[in-house]
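Take a look at the letters that make up each chain.
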Number of protein chains: 2
Amino acid sequence: MKSYMDMSREELLTLKAALEEELKTAEAKGLSFNMARGKPGLSQLAIAMPMLDVINSESDMKTILGNDTRNYGDWDGIGECRQLMADMMEVNKPNVIVCGNSSLNIMYDTIIRSMVVGVNGSTPWCKLDKVKFLCPVPGYDRHFRITETFGIEMIPVPLGEDGPDMDMVEEYVNHDEAVKGIWCVPKYSNPTGTTYSDEVVRRFANLKPKAEDFRIFWDNAYCIHHIYEDTQDKILNILEECEKAGNPDMVYIFASTSKISFPGSGVSAIATSLTNMEYIKKFMTAQIIGHDKINQLRHARFFKNIDGLNAHMKKHAELLRPKFEAVLSILESELAGLGIGNWIKPRGGYFISFESMPGCAKAIVAKCKELGLVLTDAGATYPYGKDPKDSNIRIAPTFPTPQEMVEATKIFVLCVKFVSIEKLLNQ
Amino acid sequence: MKSYMDMSREELLTLKAALEEELKTAEAKGLSFNMARGKPGLSQLAIAMPMLDVINSESDMKTILGNDTRNYGDWDGIGECRQLMADMMEVNKPNVIVCGNSSLNIMYDTIIRSMVVGVNGSTPWCKLDKVKFLCPVPGYDRHFRITETFGIEMIPVPLGEDGPDMDMVEEYVNHDEAVKGIWCVPKYSNPTGTTYSDEVVRRFANLKPKAEDFRIFWDNAYCIHHIYEDTQDKILNILEECEKAGNPDMVYIFASTSKISFPGSGVSAIATSLTNMEYIKKFMTAQIIGHDKINQLRHARFFKNIDGLNAHMKKHAELLRPKFEAVLSILESELAGLGIGNWIKPRGGYFISFESMPGCAKAIVAKCKELGLVLTDAGATYPYGKDPKDSNIRIAPTFPTPQEMVEATKIFVLCVKFVSIEKLLNQ
């Protein structure tokens with residue numbers, strides 16, 4: 001296809017007129033699609049339903065160790081669920097605390113705790129003039145929301161094909177004492193699908209932080225969320241690498257089953273060094289007597305072990321693949337070679353990241369909304385919602401059906417074309 | 001019975017020798033009872049088991065409003081569960097946020113949030129030189145643990161028969177700007193079983209706090225936890241009274257179903273003014289996408305409504321009454337008139353509060369432990385674990401069976417007698 005860049009003004013105007021007709025037709029259909037959030041689709045929820053039969057009024061409610069899950073106890077989670085989450089997170093069971101239904105909540109708790117009481121005895125962050133976090137971009141809006149909420153200054157760090165710009169990360173972390181943390185989604189990153197290379201993980205582990213209370217917030221949200229069977233990414237174990245590098249306490253790993261069992265009714269976990277866990281325990285045992293152990297038992301018995309988890313995720317992959325492929329094939333057939341957008345084909349995770357021409361993302365998202373297609377707000381993938389190039393758009397293809405994804409993506413490419421032409425004509 | 005106070009030294013020594021024999025016999029039995037925490041008994045858990053059948057793989061998972069409880073959404077709780085908790089807490093549904101499995105966790109979150117970002121825009125507590133909380137005593141150790149954890153100075157306020165010493169509360173709250181809160185268990189108080197009188201509730205509502213960010217932490221943990229059918233306490237609605245008094249934002253009410261359905265697998269809620277809720281929302285929506293809505297649905301469908309809840313609590317009362325009466329009748333028959341202890345007969349809640357002779361509580365708890373009976377640590381019902389008179393002992397009769405409670409209470413009274421005689425002999 002001829003690139004829009006090579007078109008004359010007349011050609012662009014002719015094309016624009018044709019697109020306007022298409023837009024009218026699309027608008028007349030009165031469609032309504034929501035691709036704003038990474039929500040599992042109904043078919044994914046359906047395969048988790050048998051989990052709700054695993055625990056019933058006839059069930060033995062005791063853990064393997066004989067503790068009654070119906071009563072108080074086991075603040076750090078029941079043994080079998082700690083083992084399950086440890087295997088999923090590729091760490092050892094003693095390093096894991098299984099918590100409630102939300103890993104985001106554990107991250108929030110970890111940050112607000114550091115604000116008030118510091119990290120393992122360091123000066124509370126609220127007593128400092130300035131606290132900064134590094135934010136690989138594009139990234140996860142809800143991470144940025146937490147740090148913004150507490151007035152933590154966010155510094156964007158470009159995310160490349162194999163992870164964040166580590167020169168920049170090292171420069172900040174090793175020389176600026178105000179830098180206390182970095183948000184990472186190391187595998188099938190939200191929204192780009194990026195998986196950190198071994199070299200990147202090792203460079204993380206070998207940071208020499210200026211601040212003793214610097215921590216890596218390693219949100220391994222998509223650790224077993226592959227889309228394909230033959231091309232599955234693997235990452236190095238950050239906890240082990242940190243130990244080897246003499247930085248055993250530098251990382252907190254987070255994960256949950258929100259996109260494995262049920263969003264909102266899954267289990268979440270944090271994995272970290274025993275020293276960090278001792279400090280967390282001091283506060284978590286003041287915060288709560290224990291998390292929902294019946295739900296932990298439900299998860300442990302339904303999935304049984306890591307093989308059960310992986311088998312379940314294989315079913316997810318089969319359900320998600322057609323949705324991702326619907327989007328990718330339409331992007332390819334409709335936009336390849338036009339010079340008005342790039343996208344990354346992910347091997348896992350929940351999103352497709354689209355880069356429009358600079359200055360077009362907000363307009364594309366707005367145009368889509370007019371046609372009944374709700375996307376994540378443009379800019380959401382950047383700290384403070386400010387994408388300096390106004391070009392990143394996060395597509396969440398998981399909730400609609402494959403057929404709906406076809407319809408929705410057609411609207412999307414239509415809007416991309418139209419907005420890009422308007423931009424070119426106004427230049 | 002002859003009071004120990006009226007006995008001669010010889011009489012006491014004779015009695016002591018007899019008690020030593022009894023202690024030896026008891027010790028030889030090798031008993032093991034735990035009355036340390038307010039844990040529901042197995043019979044109470046058993047009647048909640050049918051709840052686990054309410055939601056299964058065949059269930060319609062939608063709320064009355066048609067929202068899918070299996071997916072993200074409804075950060076403030078599903079409608080029918082908000083209504084259920086509102087009715088239980090005697091407030092209106094719009095004033096309720098249903099959260100996760102633990103009201104203690106909501107209290108912790110409320111305090112740590114106030115530390116970092118203040119209350120509705122006030123100066124964050126962590127920026128102040130001094131923050132103080134009033135603590136009616138004896139009270140709930142886990143409340144005190146939260147405030148202690150964050151370095152908040154705790155000021156004990158005596159709890160009388162109809163509530164805290166309100167002269168003292170008014171004196172502090174109305175004149176000391178550092179006083180930011182008070183811990184209250186207004187109904188069937190932990191551990192004394194006290195229910196605040198209407199006058200006390202009105203005096204609370206009519207406080208004129210020196211600090212604009214002063215809040216009453218109204219932990220209505222035992223709001224429907226009666227022991228008898230004919231003598232049930234009622235309290236005035238603090239939220240309404242605060243509104244009437246022109247202090248609409250002064251109170252946070254907390255409650256949960258931990259001692260109704262399952263400890264650790266229930267649902268919890270906070271009720272407060274709409275202004276307070278707006279502020280909470282700002283942070284809670286950064287903290288979590290939503291709480292466990294499937295469990296909220298399970299609760300709403302199992303209990304149906306407030307009548308269902310009350311009917312269920314009537315069953316609890318029937319199971320608990322024999323346990324409380326076993327303790328009370330032995331205390332009465334063995335200790336009445338001896339002058340070595342007082343106790344309060346509660347009409348609801350989870351505890352019996354015992355006052356020994358001054359300076360004896362720690363020794364009694366230690367002696368009980370030697371004989372296999374674990375009680376809550378003496379002092380736990382006071383801030384910093386320091387009971388100035390060393391006399392309060394919290395008895396938690398809910399977990400053992402009635403027969404076990406008889407055995408355990410016999411050991412308890414034996415230890416009370418023995419320690420009291422030792423005390424008298426050493427005076």
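Model, not experiment: these values are computed from the prediction.

Further remarks concern the interface of chain B and chain A. Taken together, the contact between chain B and chain A spans 60 residues of the former and 60 residues of the latter. Carbon and sulfur atoms make up 55% of the area that chain B and chain A hide from each other, which totals about 4900 Å². When residues of chain B are sorted by the area they lose upon contact with chain A, Arg70, Tyr72 and Gln287 of chain B head the list and together hold 14% of the total. At the junction of chain B and chain A, the tally comes to 0 salt bridges.

Turning our attention to the pairing of strand 8 (residues 251-256) of chain B. Residues and elements named next belong to chain B. Across the 6 residues that make up strand 8, a large majority, 6, are buried. Here strand 8 shows two buried faces, one formed by Val251, Ile253 and Ala255 and the other by Tyr252, Phe254 and Ser256. Sheet topology note: the strand 7 (residues 215-219)/strand 8 ladder contains 4 bridges and is parallel. Paired with Ile216 across the two strands is Val251, which belongs to strand 8. The parallel pair strand 7 and strand 8, bridged by helix 9 (residues 238-244), forms a crossover whose chirality is right-handed. As defined by bridge partners, strand 8 adjoins strand 9 (residues 268-271) across 4 bridges and the pair is classed as antiparallel. Looking at the pairing, Ile253 lines up with Ala271 of strand 9.

As a further point, take the environment of Tyr172 of chain B. Residues and elements named next belong to chain B. With respect to the helices and strands, Tyr172 occurs in helix 7 (residues 166-175). The spacing of Tyr172 and Met5 is 167 residues in sequence and 38 Å in space, taken between C-alpha atoms. Contacts of Tyr172, omitting those with residues within four sequence positions, involve Leu134, Ile155 and Val179.

For the pair chain B and chain A, the best superposition has an RMSD of 0.0 Å and corresponds to a rotation of 180° with a translation of 0.0 Å parallel to the axis. When the rotation and shift are considered jointly, the pair of chain copies conforms to a two-fold rotation axis. A high fraction, 100%, of the interface residues of chain B reappear at the interface in chain A, so the copies pair face to face through one surface.

Working note: α-helix, 3.6 residues per turn, so residues spaced by three or four point in the same direction. Residue and element names in this part refer to chain A. Where helix 8 (residues 198-205) is concerned, the buried positions are Val200, Val201, Phe204 and Ala205. Projected onto a plane normal to the axis of helix 8, the buried residues spread over an arc of 140° and lie on a single side. Looking at the buried side of helix 8, the elements it contacts are strand 5 (163-164), helix 7 (166-175), strand 6 (179-184), strand 7 (215-219) and helix 9 (238-244).

Reading the values: rules and limits
- Residues numbered from 1 in each chain as written.
- Chains lettered and ligands numbered in written order.
- Predicted model: local features only at pLDDT ≥ 70, side-chain atom pairs only at ≥ 80, totals over all residues.
- Heavy atoms only, no water.
- Contact = heavy atoms within 4.5 Å.
- Buried area = accessible area lost by both parts, 1.4 Å probe.
- Salt bridge = Lys/Arg side-chain N within 4 Å of Asp/Glu carboxyl O.
- Buried < 20%, exposed > 50% of the residue type's maximum accessible area, 1.4 Å probe, protein only.
- Helix = DSSP H or I, 4+ residues; strand = E, 2+ residues; numbered from the N terminus.
- Pairing = 2+ DSSP bridges.
- Right-handed = clockwise from strand over helix to strand, strands pointing away.
- Least-squares fit on C-alpha atoms with pLDDT ≥ 70 in both.
- Arc of directions from axis to C-beta.

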